[in-house]
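# Topology and contacts: notes
Here are the chains, one letter per residue:
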Amino acid sequence: MSKNSHDSAHTHVAGTSEFVDDRPIMRGELFMDVVYSTHAHAKFTLDYSEALKDEDVVAVYTAADVHHNVWGTIFKDQPLIAKDVVQYAGEAVALVVAKTTVAAQYAKQKVKVNYQDLPAVLSINDAKKHNSYIADKRFIERGDIKSAFAKAKHTLSGEVVIQGHDHFYLESQVAIAYPLEDGQVEVHSSSQHPTETQHVVAHCLGLDAKDVVVQVKRMGGGFGGKESQAAPIAAMAALGAIKLNRPVRLCLTKDDDMVMTGKRNPFQNLYKVAFDDDGVIDGLEVELFSDGGAYADLSTSIMERAMLHSDNAYFIPNMKVAGQVCKTNHHPHTAFRGFGGPKGVATAEIIIEKIAHHLGLDPLEVRNKNVYRDEDGRNITHYNQIVKNNCLPKLFEKIEKDCHYKKRRSEITKFNQESDEFVKGLSITPVKFGISFTTRFLNQANAMVIIHLDSTLQIATGATEMGQGVNARICAMVTSEMGLERSHARVMPTRTDKNANTSPTAASSGTDLNGAAALLAVRKIKHRLSEFASLLLELPEARWPSKTAGLGTEAEIAIKTRNLDSNDPNEGADWKSGKATYFGVEFKDGVVTCKGRSINFPDLIREAYLSRVSLSDYAHYSIPGIEFNKLEGSGNAFLYFTQGVACSEVTLNRDTGEVKVDQVDILMDLGRPVNLDLDVGQVSGAFIQGMGWVTTENLVYNDQGYLLSHAPSTYKIPNIQDTPRVFNIELLENDENYANVRGTKAVGEPPLLLAISTWTAINNALTYLPTYKDSYPEVRIPATSENVLRAMAPQAFSKWSTP
Ligand code: MTE
Ligand code: HPA
Ligand code: MOS
């Protein structure tokens, strides 16, 4: 295992990493499957008598079997199992439990659902027509939008259509519930949010939280799709386990998972922009509408993040953003990498492209004119947060040079004049992603660190590992603080009986929050060990506790300080090493040194134990200074921003509409990475995932809102051939982010938004065609080959209008 590899890299490669469904089948274990609606909105009745005739079928459960048949992250509005009425195709109507997975799958086919259809709302336009909304419309406003438009030299308006996006985690939603003695249950779940999963299980089953333990060892990907939607799956399995007093396993097939679970929210955004001859924006009005699906899930919070990212990287003096979540009869849409951010940013970026096209300027020039700068107060967002540690101008300058933008722009222009087979486009887009949960109370974490007598460490936090490497990062922070190799410690499976009241591992802040808590916990131990070492090393070795067998009590060394209390992981730390030093004691390379005398770390641990110094500790961390007033839409919503830029070059086939992404250059500011390799992995993975969203991933529903593209055969995620042939990733050196633990910056989501450059590059390519001499293409997301072909020849396709 190399120093920077993922902590599970070797077991993943060997096939020995354990995911939930890899757990050995227990004696008496049963298998559950979910019967779900195929209609969008209907009254229904059930007949499951046929299913029960099969001798391998053990039970069928319906809404009547659930103690509290309601759950929900923000609003408790969603039944665990639908009762009398279904609100979307994919909604659970019954659970079957059988002796084998196959028997459960057969049984589910035998459950008859009789539907009596009700009117369904299946699009944002439909929802608007019927005033079908979730929660009130929200606004964020700054400056004087009216007068900005009144005095504007130019104005443009339009609509941006953004479709959904399936998470396509390789491991479907899954849970196994084990009934324990005395009415308790232990649930192994693939969840980003063990605490909420515990609470939903307890609530739905009428249990106390003390009787429910949820364990998450790892996920085979989550991407936001397991932030809220893992919980009902766990509750279903637990329902079976408690009722039958036998272990119950529920693992969705890929197809069922795709049909049942919500996606990235589709958005349909209206905008109006006012700008001058140079493309400097003076006023922007954006109205964001999202498709929330049938229940609220996280959609209102996602909308808030979209609203907070509608400026993207640009200073807009007069701005008004409205956000409204539509209630439709689709699966409840949910968190997905970027969490609303990408929909706000895509809108801002297409507006920039359109302004540039309108004025005949290069879009990069328009971006440079509007980007946040520290000069003249052009560094404050529409929600009144000052953009500190702003690298955007520097990032623009560097990428323009490094990727030879100007040269390539003129080559492309020439190419497009000469080729009637292909047309090329080039685009640079930035990202400024706010790091913190916009829900203030989620910005807390706790951690426990244990040092065993052999001196190895175990770390437990509320963070969940979904492939992003949060465990490796936390482990590196803790071990480096103690001057140890990463292999000296292990991050343990996340369990609600060790770390309670935790937040989801989401908002890219898993390492920020849990790493800080773990660091605070280990520093408490380090503080005690430091005082102890300073006293121990003053004594001749012959008087050390371990050398005075039988005289232990007399030889005991008493430390005076027992508790270090701090909420700041950077407090007392040397900025260069990131480490804190107490009592002049140094921890380095497995050796502890004080005033020229030293002891090996394992020996120190033994001596400390014999002197009854505590070798475990726990800490809580909360992010300071988040003061965002939601009612006024004003204040510091984020601790800091992760920034970056990307340049995409694309080639479109003029006969088929085929899109090839030829080259991508990415430049990001990730502060001082704990693990550079994992960060680069996150940047490339997030970009490619975003590239899929803006190009090939097309969700197709039938007229009942039932997802037809529910497998890789019909839903096209990027594969290796789609990866840009030239794919450069570089990180800017930034030693000056003092806001966050060890000067790191969160990486999980921000690079996904850089894939918007691929979408703007596609639109940019189309502007070279005569069709778009005076108008702007505005190809939707995803810009599939089909959508691109339509845009190339709008007349030819006019009779097949896109819905
Ligand atoms: N990387 C992998 N390999 N798998 C995932 O599921 N989820 C992303 C991102 N990177 C994800 C991933 C999302 S949506 C988030 S919010 C962050 O990881 C969460 O982890 P972090 O906060 O530890 O970065
Ligand atoms: N990001 C991700 N998940 C969340 C957030 C957020 O900002 N707020 C609540 N859940
Ligand atoms: Mo990530 S969408 O915040 O789980």
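For every chain, the first residue of the written sequence is number 1, and numbering continues from 1 onward in sequence order. Here chains are named by letter from A upward and ligands by number from 1 upward, in the order in which they appear as written. Note on the predicted model: pLDDT of at least 70 is required for a residue's local features to be given, and 80 or more for side-chain atom pairs to be given and counted; whole-chain, interface and lining totals, by contrast, use all residues. Only hydrogens and water are set aside when side-chain values are computed; all heavy atoms of the structure are taken into account.

We define a salt bridge as a contact between a side-chain nitrogen of Lys or Arg and a carboxyl oxygen of Asp or Glu at a distance within 4 Å. Counted under the stated rule, the structure contains 49 salt bridges. Notably, a salt bridge pairs Lys526 with Glu481, separated by 2.9 Å at the nearest N-O pair. With Lys526 in helix α15 (residues 510-536) and Glu481 in helix α14 (residues 470-481), this residue pair connects regions lying 45 residues apart in the sequence. Here the residues in one salt-bridge network are Arg408, Lys424, Glu649, Asp662 and Asp665, joined through shared partners. Counting from the N terminus, the helices are the DSSP runs of H or I reaching at least four residues and the strands are the DSSP runs of E reaching at least two.

Site definitions follow a grid-based scheme: protein atoms alone, a 1 Å grid, a 1.4 Å probe that fits but cannot get out for cavities, and for pockets an open set with protein on both sides within 12 Å along at least five of seven lines, plus lining residues having an atom within 4 Å of a point. Grid points are joined across faces, edges and corners, and a volume is the space filled by probe spheres set on the points. Here the structure, examined in full by the defined rule, presents four cavities of 30 Å³ or more. Sorting elements by how many residues they give to the lining of the largest cavity places helix α7 (residues 230-244) first, with three residues. Per-class residue counts for the lining of the largest cavity are 11 nonpolar, four polar and one charged. Put simply, the second largest cavity is a space of about 60 Å³. For the lining of the second largest cavity, the secondary structure elements donating two or more residues are β10 (185-189) and β11 (212-216). Tallied by class, residues from the lining of the second largest cavity come to three nonpolar, three polar and four charged. Three categories are distinguished: nonpolar for Ala, Val, Leu, Ile, Met, Phe, Trp, Tyr, Cys and Pro, charged for Asp, Glu, Lys and Arg, and polar for the others, with Gly belonging to the last.

Quick look at the sheet that holds strand β18 (residues 457-461) now. Should DSSP find at least two bridges between two strands, the strands are regarded as paired. Read from one edge of the open sheet, four strands run β19-β18-β17-β24, paired in mixed fashion. The open sheet terminates on both sides in strands that have one partner only, identified here as β19 (489-491) and β24 (616-622). For this sheet the average axis-to-axis angle between neighbouring strands, irrespective of direction, equals 20°. The pairing of β18 with β19 spans three bridges and is classified as parallel. When the bridges of β19 are listed, Gln458 appears paired with Arg490. What counts as an axis is a line fitted to C-alpha atoms, over the stretch in contact for a helix, and the angles between N-to-C directions run from 0 to 180 degrees.

On to the site of ligand 2. Within the structure, ligand 2 sits among Glu227, Ser301, Arg305, Phe339, Phe437, Thr438, Thr439, Leu442, Ala506 and Ala507. Ser301 places a polar side-chain atom, nitrogen or oxygen, 3.4 Å from a nitrogen atom of ligand 2. Any N or O atom pair separated by 3.5 Å or less is treated as a polar contact, with the protein-specific requirement of one donor-capable and one acceptor-capable atom, and with residues adjacent in sequence counted only for side-chain atom pairs. The contact in question runs from an oxygen atom of ligand 2 to an N or O atom on the side chain of Arg305, over 3.1 Å. Its free accessible area being 260 Å², ligand 2 has 97% of it covered by the protein chains. For the shell around ligand 2, the class distribution of residues is five nonpolar, three polar and two charged. We call a residue near a molecule or strand whenever a single non-hydrogen atom of that residue lies within 4 Å of it. All accessible areas in this document rest on Shrake-Rupley with a 1.4 Å probe, and a residue is counted as covered only by the protein chains that are shown.

Within the element layout of this structure, Tyr609 appears in helix α17 (residues 601-610). Only protein chains enter the accessibility calculation, which uses a 1.4 Å probe; a residue whose area is less than 20% of its type maximum is buried, one above 50% is exposed, and one in between is partly exposed. Classification of Tyr609 as partly exposed rests on a relative accessible area of 45%. The sequence separation of Tyr609 and Ser546 amounts to 63 residues, and the corresponding C-alpha distance is 9.8 Å.

This part takes up the domain arrangement of the chain. Split by domain assignment, the chain resolves into domain 1 (19-119 + 171-253), domain 2 (393-436 + 639-803) and domain 3 (444-622). Between the C-alpha centres of domain 2 and domain 3 there is a distance of 43 Å. Contacts were defined at the residue level, with two residues in contact if any of their heavy atoms lie within 4.5 Å. Tallying the contact residues gives 22 residues for domain 2 and 21 residues for domain 3. When domain 2 packs against domain 3, close to 1700 Å² is buried across both sides, 51% of that on carbon and sulfur atoms. Summed over both partners, the accessible area lost on bringing two parts together, with a 1.4 Å probe, is the buried area. Together, Val674, Val741 and Arg742 form the three largest contributors to the area buried by domain 2 at its contact with domain 3, with a combined 39%. Where domain 2 packs against domain 3, one counts two salt bridges. Residue Arg742 pairs with Glu481 through a salt bridge whose shortest N-O separation is 2.9 Å. Across the contact surface, domain 2 and domain 3 share 13 residue pairs in polar contact (both at pLDDT 80 or more). Top contributing element to the side of domain 2 that touches domain 3 by residue count: helix α18 (residues 676-694), with three residues. When the residues that make up the side of domain 2 that touches domain 3 are grouped by side-chain class, the tally is nine nonpolar, eight polar and five charged. Segment limits for the domains were obtained from an automatic or database-derived domain assignment.

This part is about the site of ligand 1. Taken together, 19 residues lie near ligand 1, and Gly222, Phe223, Met466, Gly510 and Gln682 sit nearest. Taking Ser508, its main chain carries an N or O atom lying 3.4 Å from an oxygen atom of ligand 1. Here an oxygen atom of ligand 1 sits 2.6 Å away from a polar atom, N or O, in the main chain of Gly510. Bound to the protein, ligand 1 loses 93% of the 520 Å² it would expose on its own. Taken together, the residues of the shell around ligand 1 sort by class into five nonpolar, 12 polar and two charged.

What follows covers helix α13 (residues 405-418). The periodicity of an α-helix, 3.6 residues per turn, causes residues three or four places apart in sequence to face the same way. Compared with an ideal rise of 1.5 Å per residue, which puts 14 residues at 20 Å, α13 spans 20 Å between its outermost C-alpha atoms and is within 8% of the ideal. Every buried residue belonging to α13 is among Tyr405, Arg408, Arg409, Ile412 and Asn416, and all of these are buried. Down the axis of α13, the buried side of the element spans an arc of 105°, and every buried residue falls inside it. Pointing more than 90 degrees away from the buried face of α13 are the exposed residues Lys406, Lys407, Gln417 and Glu418. Turning to α13, the residues buried within the fold contact α11 (363-370), α12 (392-402), β16 (422-435), β27 (640-653), β28 (659-669) and α20 (756-766). A helix is expected to span 1.5 Å multiplied by its residue count minus one. When we speak of the arc, we mean the arc of directions from the helix axis to the C-beta atoms.

By definition, no residue in a patch forms a salt bridge, and every one has over 30% relative accessible area; like charges are joined within 9 Å, nonpolar side chains (Val, Leu, Ile, Met, Phe, Trp, Tyr) within 5 Å. A cluster of nonpolar side chains, contributed by Leu453, Tyr609 and Leu610, occupies part of the molecular surface with about 250 Å² of accessible area. Residue position: Leu453 is located in the loop between β17 (444-451) and β18. Judged by relative accessible area, Leu453 falls into the partly exposed class, the value being 35%.

What follows deals with the pairing of strand β2 (residues 42-47). Where β2 and strand β4 (residues 85-86) come together, two bridges link them in antiparallel fashion. By the bridge assignment for β4, Lys43 is matched with Val85. Judged from the six bridges that link them, β2 and strand β6 (residues 112-117) form a sheet pairing that is antiparallel. Pairing of Phe44 across the sheet is with Tyr115, part of β6.

Take helix α3 (residues 101-110) next. Here α3 has its buried residues at Ala103, Ala104, Ala107 and Lys108. For α3, the angular spread of buried residues about the axis comes to 135°, placing them on one side. Turned more than 90 degrees away from the buried face of α3 sit Tyr106 and Gln109, all of them exposed. Check the buried side of α3 and you find it contacts β1 (30-36), α2 (49-53), β3 (57-61), β5 (92-98) and α8 (254-260).

Here Lys343 lies in helix α10 (residues 341-359). One buried charge, Lys343, has no salt-bridge partner; the nearest side chain with opposite charge is Glu749, at 8.6 Å. Charged-residue counts in this description rest on Lys and Arg as positive and Asp and Glu as negative, His and the chain ends being excluded.

Stacked, tilted and edge-to-face pairs are distinguished by plane angle, under 30 degrees for stacked and over 60 for edge-to-face with tilted covering the rest, among Phe, Tyr and Trp rings (Trp via its six-membered ring) whose centres lie within 6.5 Å. If you walk through the whole model with that rule in mind, you get nine aromatic pairs. For the ring pair Tyr383 and Phe638, a centre distance of 6.1 Å and an interplane angle of 80° mean the geometry is edge-to-face. Here Tyr383, found in the loop between α11 and α12, pairs with Phe638, found in the loop between β26 (634-636) and β27; they are 255 residues apart in sequence, far enough to count as distant. A ring pair is formed by Phe687 and Phe727, whose centres lie 5.8 Å apart and whose planes are at 50°; its orientation type is tilted. Residue Phe687 is found in helix α18, and its partner Phe727 is found in strand β29 (residues 726-732); the two are separated by 40 residues along the sequence. Assessed through its relative accessible area of 23%, Phe727 is described here as partly exposed.

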